[in-house]
Amino acid sequence: MTLAELLPSTGCSIEPVLEEGLWPDGTHLAGSDLVIGGVGATRLAARFGTPCQVLDEATVRNRAKAFLRALPEAEVVFAGKSLPCPEVYRWMASEGLSLDVSSAGELALARAAGFPGQRIVMHGNVKTGEDLKAALQHGVSRIVVDSFDEIAQLGALSRHGQEVMIRVTPGVDARTHAAITTGVEDQKFGFSLASGAALEAILRVVEQPSLRLTGLHCHIGSQVRHVASYEETVRRMVGLIASCGVRVEQLDLGGGFCTPYLAGESSFDLFGFAQRVRGTLNYECALHRVPVPKLLIEPGRSIVANAGVTLYRVCAVKRGVRTFVAVDGGMSDNPRPALYGAKYAVRLVGRGGARKPVTVVGRHCEAGDVLAEDVPLPADVHAGDLLAVPVTGAYHHALASNYNQVGRPPVVAVRDGVARQVVRRETEEDLLRRYV
Ligand SMILES: Cc1ncc(COP(=O)(O)O)c(C=O)c1O
Ligand SMILES: N[C@@H](CCCC[NH3+])C(=O)O
């Protein structure tokens, strides 16, 4: 049952409490304004315009610290694709995290942030020659190879015993959305464990004099809820380590730790994960008589998602069979509902009042440009109102597009009452610059 269905049809006054776990740490209501990182949403919208992606620095840092506390023996690698931004990469570097990049472009951002190459891992099922050359040139410490073609290409390009990891498909179904399930057979990522391709890849890397096998990698998907999926992955990966007869120093379990998007959804049990995965790893290694490899994990979403809030201005309201509330953004800043059927909570900033379920839609030329369906907003919602959507820190800036030549929104970092742009709004000049 949705929240809207639970409300009496006449509505009730605005919920004075913010949904737990969805908003950045310390977010609170002051009167009817929403205060994020010590700055009022009304002020943020007035100063930076809308749509505007607000990012709370303290929340990002707190999540990074939580991973380090839970797994002090592991290397925690921020999945840079989830929020590609040099300033965010600097926060991660200063917290002591490593970084994963998936292209020369993400690596360029890492370099702009001054991120040390020794703490960068490069991923991708396709790395072009340019990606690989950039990684070699800038001393990316580990390149995660994903195909036999890539092993050959990297072997030929590399001169100095480049460290590589091998991406393995362990055959574990993480039971998440099909588009972000990556640990099962018959999808494009990695070398299959079951078919023997992973073992063959290990031997091919070992044969290449210019490469040095450092570790094995896997990533079973995103929005993974069950710790048991990771435990099973560890069992299979240690089995492979034991059977390959080659010393494997590092085991990278990837990321995917789930994040709640709606009230009542549970958070990922990070400390349970740490305990159970550590226990399974030690047990399996003892069982197979192999040294315990250093553990790596690659959280993205779980570090930045709920640090982000997107502010939109209502531009039009149409009341008919249902009420459509149209805002000044949409699928160009958030394609996740269209891609994954993702659901979001929405809050009106600045006013309370009796609520009715509405559908919040974007400005783009597609009927599927829907940001949130059946969400309760004050019944008199009207043009000019300000809306806030939480849990928009991960894969929003990253997936944003220029559809309909709408410039991508800024990312505004807030901390201790101070707001500053860390990504500026894309202007018409920016858009025009690409055309000849
Ligand atoms: C190789 C790899 N590592 C880490 C991640 C981060 O995943 P998430 O943001 O779900 O933690 C991804 C994306 O799913 C990935 O492809
Ligand atoms: N873009 C996806 C996650 C992809 C994970 C990257 N490997 C999302 O928004 O949920």
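Residues numbered from 1 in each chain as written. Chains lettered and ligands numbered in written order. Predicted model: local features only at pLDDT ≥ 70, side-chain atom pairs only at ≥ 80, totals over all residues. Heavy atoms only, no water.

Student: How would you summarise the site of ligand 2 if you had to cite specific residues and measurements?
Tutor: Contacts to ligand 2 come from Lys 81, Ile 180, Arg 301, Arg 336, Tyr 340, Tyr 395 and Leu 399. Arg 301 is positioned with one of its side-chain polar atoms (N or O) 2.7 Å from an oxygen atom of ligand 2. Here a nitrogen atom of ligand 2 sits 2.8 Å away from a polar atom, N or O, in the side chain of Tyr 340. The protein chains hide 82% of the 310 Å² of surface that ligand 2 would expose on its own. (Near = heavy atom within 4 Å. Polar contact = N/O pair within 3.5 Å; in protein donor to acceptor, adjacent residues only side chain to side chain. Areas by Shrake-Rupley, 256 points an atom, 1.4 Å probe, with all protein chains shown as cover.)

Student: Residues and numbers for the UniProt feature "binding site: pyridoxal 5'-phosphate" (unreviewed entry) in the protein chain, please.
Tutor: In the UniProt entry, the feature "binding site: pyridoxal 5'-phosphate" (unreviewed entry) is given for Gly 256, Glu 298, Pro 299, Gly 300, Arg 301 and Tyr 395. Among the secondary structure elements, Arg 301 is positioned in helix H11 (residues 301-304). The exposure class of Arg 301 is buried, given its relative accessible area of 5%. The contacts of Arg 301, once residues within four sequence positions are left out, are Ser 82, Ile 180, Ser 222, Gln 223, Thr 259, Tyr 261, Arg 336, Ala 394 and Tyr 395. Mapped onto the elements, Tyr 395 comes out in the loop between strand S19 (386-390) and strand S20 (411-415). (UniProt positions renumbered as here; feature names shortened; annotations may be inferred. Helix = DSSP H or I, 4+ residues; strand = E, 2+ residues; numbered from the N terminus. Buried < 20%, exposed > 50% of the residue type's maximum accessible area, 1.4 Å probe, protein only. Contact = heavy atoms within 4.5 Å.)

Student: Outline the site of ligand 1, listing residues and values.
Tutor: If you check the shell around ligand 1, you find 15 residues, and the closest are His 219, Ser 222, Gly 256, Glu 298 and Tyr 395. Between His 219 and ligand 1, the recorded distance is 2.7 Å, taken from a side-chain N or O atom to an oxygen atom. Between ligand 1 and Gly 300, the relevant distance is 3.0 Å, taken from an oxygen atom to a main-chain nitrogen or oxygen of the residue. Here ligand 1, which alone exposes 390 Å², has 91% of that area covered by the protein. Here the residues of the shell around ligand 1 are counted per class, giving three nonpolar, seven polar and five charged. (Nonpolar A, V, L, I, M, F, W, Y, C, P; charged D, E, K, R; others polar.)

Student: Give a detailed account of unusual backbone geometry, specifying residues and quantitative values.
Tutor: Apart from glycine, the bulk of residues carry a negative phi angle, and the bulk of peptide bonds sit in the trans form. The peptide bond linking Thr 50 to Pro 51 adopts the cis configuration, its omega dihedral lying at -10°. In the Ramachandran plot, Val 391 falls in the positive-phi region, its phi being about 65° despite a non-glycine side chain. One can find Val 391 in the loop between S19 and S20. Of the residues examined, Val 391 reaches a relative accessible area of 0% and is grouped as buried. Unlike most non-glycine residues, Tyr 395 shows phi in positive territory, near 60°.

Student: Give me the packing of helix H8 (residues 197-207) against helix H9 (residues 227-244): which residues, what numbers.
Tutor: Following both chains from N to C, one finds H8 and H9 inclined at 50°, their axes separated by 11 Å at the closest point. By the criterion of interaxial angle, the relationship of H8 to H9 is oblique. In this structure, the crossing between H8 and H9 has a hand that is right-handed. Taking contact as the criterion, the partners of Ala 198, Leu 199 and Ile 202 in H8 are, on H9, Leu 240, Ser 243 and Cys 244. Looking at the contact of H8 with H9 residue by residue, the class counts come to five nonpolar, one polar and no charged. (Axes fitted to C-alpha atoms, helices over the stretch in contact; angles between N-to-C directions. Parallel < 35°, antiparallel > 145°, perpendicular 65-115°, else oblique. Left-handed = near helix turned anticlockwise from the far one by under 90°.)

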